[in-house]
Amino acid sequence: MSDTETNPGLQQTTVELNAGGVSITRIFLEFLTIGATSFGGVVPYLRGSLVSKQRWLSDKEFVEMLSISQSLPGLNATNMAILVGQKLKGSSGAIVAVLGICLPGSVLMFIVGIFYRIHGDHAWATGALKGVAAASVGLVLSTVVQLSKKSLEERLDYVFVILTVVAVNRLHQSVLVTLVVVGAMAVLWHRPRQA
Amino acid sequence: MNQLPALARVFAYLSLLTVGGGMAAFPEMKTLTVDVHQWLTSSQLVHLYSVGQMAPGPNMMMIVPIGDWAGGLLGAILVLVAFFGPTALLTFMVGRWWTKLEMWPWRSSIQRGLAPVSIGLLLAGCFTLAKGAIFGLETAAIAVGVLLILLQTKINPALLVLGAAVVGMLSFD
């Protein structure tokens, strides 16, 4: 199944993009659909919808926007919504895209929060919550491993990772201070060098 | 006491820390929402974050119940605006411009430098989460099991978290 989905992406140069004259309503509905169906991580759903189904973006544009989304603060999902909405319809496109992608999950979690308040202490619920919490630790760790494989280039990068963890968890520095100090060190280490 | 100004302040600040993912802000979120403002307990925060992983959409919608509990419906909406507004505005303003900077040599330096720091922040958030989620052999086994399955297969993570809920319901008292 994933093969048939990646093939059209590879032929993207010959496929005409569909990005002109998309209406605000279509943008909102498409992001609302992604927001309501993207269980287990938004990125594959974004690609399936924006690149393969709607052809609003080429695969290359998608990867480029994703890398911008990852280096700016903010979640990938909402940053992507902003960039794609902006590309299609300027500021109003960006606003409806981000509203659409946030609406279903936030309403759902609002309701979950009310139920949790009432039933969170029941024995069956505490058991289930223990399992869920342990699983989400594994989930975050798997993201750490996958990102590390993809984007840590040299041994010193691992030192920056460890420095960041030690600063936050051991030295109890604020995330902001750590981000600025270790971030500046790492950016300077990777500074442009004359070839 | 009216918590709305504090909710807006805290979540707008947390918003700017989410470099590389929402988890990067988790240690600070624990300090501010649990220790400083006492809007919820540490285990409630861990539960909300974890349950939130099963919801579709951006994976930090667990902030909505925090806003609701501390400030009602208005608090929930305010928290969303505070958490997503500043970064949305930043991305809107910087995104286009960033694309045009392709030839600027520092652009790649910034991206390569921020990568290890954002991974470190994610890992730090994970340790903070683990302190409230791993209590012994069974919970550790679930975490390691989920990690290994996700690294070996292409299964949907939300299904695994749901599976762990069932395992937990049946085996923990």
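On a predicted model such as this, the values are computed, not experimentally measured, just so you know.

**Student:** Explanation requested: the overall build of chain A in the structure shown.
**Tutor:** A tally of regular secondary structure across chain A gives eight helices and zero strands. Reading the secondary structure of chain A in the N-to-C direction produces α-α-α-α-α-α-α-α. For chain A, the spread of C-alpha atoms along the principal axes amounts to about 65 × 55 × 35 Å. Pairs at least 24 residues apart make up 53% of the contacts formed inside chain A by residues separated by at least 6 positions.

**Student:** Mind showing me how you'd approach the overall build of chain B here?
**Tutor:** Along its length, chain B carries seven helices and zero strands. Starting at the N terminus and walking to the C terminus, you meet the elements of chain B as α-α-α-α-α-α-α. Based on the C-alpha atoms only, the size of chain B along its principal axes is roughly 55 × 50 × 25 Å. Counting the 173 residues in chain B, one finds 55% classified as buried.

**Student:** What am I meant to see in helix α1 (residues 4-17) of chain B here?
**Tutor:** Spacing of three or four residues puts side chains on the same side of an α-helix, whose turn is 3.6 residues. For α1(B), spanning 14 residues, the distance from its first C-alpha to its last is 20 Å, which sits close to the expected 20 Å at 1.5 Å a residue. Those residues of α1(B) hidden inside the fold are in contact with α8 (175-189) of chain A together with α2 (26-36) and α4 (63-100) of chain B.

**Student:** For this particular structure, what's the right way to read the nonpolar core?
**Tutor:** If you look at soluble globular proteins, the nonpolar side chains tend to sit buried side by side. Grouped together as the largest cluster of nonpolar side chains are 109 residues, with contacts concentrated most on Val84(A), Ala97(A), Val98(A), Ala135(A), Val137(A), Val79(B) and Ala164(B). No other element matches the 15 residues that helix α5 (residues 76-119) of chain A contributes to this core. In this view, Val98(A) contacts Thr78(A), Ala81(A), Ile82(A), Gly85(A), Phe84(B) and Ala88(B); residues no more than four positions away in its chain are not counted.

**Student:** Honestly, helix α4 (residues 59-71) of chain A in this entry has me stumped. Any pointers?
**Tutor:** With 13 residues, α4(A) extends 19 Å from end C-alpha to end C-alpha; this agrees with the ideal 18 Å at 1.5 Å per step. Those residues of α4(A) that fall on the buried side of the exposure criterion are Phe62(A), Met65(A), Ile68(A), Ser69(A) and Gln70(A). Where α4(A) is buried, its residues contact α3 (43-53) and α5 of chain A together with α4 of chain B.

**Student:** I'm lost on unusual backbone geometry in this one. Help?
**Tutor:** Leaving glycine aside, a negative phi is the common case for residues, and trans is the common case for peptide bonds. In this model, His172(A) sits at a positive phi of 50°, which is unusual for a non-glycine residue. Positionally, His172(A) belongs in the loop between α7 (155-170) and α8.

**Student:** Teacher, can you tell me more about the interface of chain B and chain A here?
**Tutor:** Interface size is often expressed as the accessible area that is lost when the parts come together. Each partner contributes to the interface: chain B provides 91 residues, whereas chain A provides 83 residues. Listing elements by their share of the side of chain B that touches chain A, those giving two or more residues are α1, α2, α3 (42-52), α4, α5 (105-131), α6 (137-152) and α7 (157-171) of chain B. Looking at the side of chain B that touches chain A element by element, the count peaks at 23 residues for α5(B). The residue inventory of the side of chain B that touches chain A, partitioned by class, reads 62 nonpolar, 25 polar and four charged.

**Student:** Help me out: how do you make sense of the packing of α8(A) against α5(B) in this one?
**Tutor:** Two numbers describe a pair of packed helices, the interaxial angle and the distance between the axes. Where α8(A) contacts α5(B), the axes come no closer than 8 Å and their chain directions differ by 140°. It follows from the interaxial angle that α8(A) and α5(B) lie oblique. In this structure, the crossing between α8(A) and α5(B) has a hand that is right-handed. In contact with Val175(A), Leu179(A), Val182(A), Gly183(A), Ala186(A), Val187(A) and Trp189(A) of α8(A), α5(B) contributes Ser109(B), Ile110(B), Gly113(B), Leu114(B), Pro116(B), Val117(B) and Leu121(B). For the contact of α8(A) with α5(B), the class distribution of residues is 11 nonpolar, three polar and no charged.

**Student:** Is there a simple way to think about the packing of α7(A) against α8(A) in this case?
**Tutor:** Residues and elements named next belong to chain A. In the contact formed by α7 and α8, the axes pass within 10 Å of each other and the chain directions differ by 165°. One element, α7, and the other, α8, form an angle in the roughly antiparallel class. As for how α7 packs across α8, the hand of that crossing is right-handed. Taking contact as the criterion, the partners of Leu-156, Phe-160, Leu-163, Thr-164, Ala-167 and Val-168 in α7 are, on α8, Val-175, Thr-178, Val-182, Met-185, Ala-186 and Trp-189. Looking at the contact of α7 with α8, its residues break down into 10 nonpolar, two polar and no charged.

**Student:** Looking at this structure, I do not really get the confidence of the model for chain B. What am I missing?
**Tutor:** Fine structural detail should not be taken from predicted coordinates in areas where pLDDT scores are low. Taken as a whole, chain B shows an average pLDDT of 92; of its residues, 99% reach a score of 70 or greater. This complex was scored by the predictor with a pTM of 0.87 and an ipTM of 0.90.

The rules behind each value
Residues numbered from 1 in each chain as written. Chains lettered and ligands numbered in written order. Predicted model: local features only at pLDDT ≥ 70, side-chain atom pairs only at ≥ 80, totals over all residues. Helix = DSSP H or I, 4+ residues; strand = E, 2+ residues; numbered from the N terminus. Contact = placed C-beta atoms within 7 Å. Buried ≥ 20, exposed ≤ 12 C-beta atoms within 10 Å, placed from the backbone. Expected span 1.5 Å × (residues − 1). Core = buried A, V, L, I, M, F, W, Y, C linked by C-beta atoms within 7 Å. Nonpolar A, V, L, I, M, F, W, Y, C, P; charged D, E, K, R; others polar. Axes fitted to C-alpha atoms, helices over the stretch in contact; angles between N-to-C directions. Parallel < 35°, antiparallel > 145°, perpendicular 65-115°, else oblique. Left-handed = near helix turned anticlockwise from the far one by under 90°. pLDDT = per-residue confidence, 0-100.

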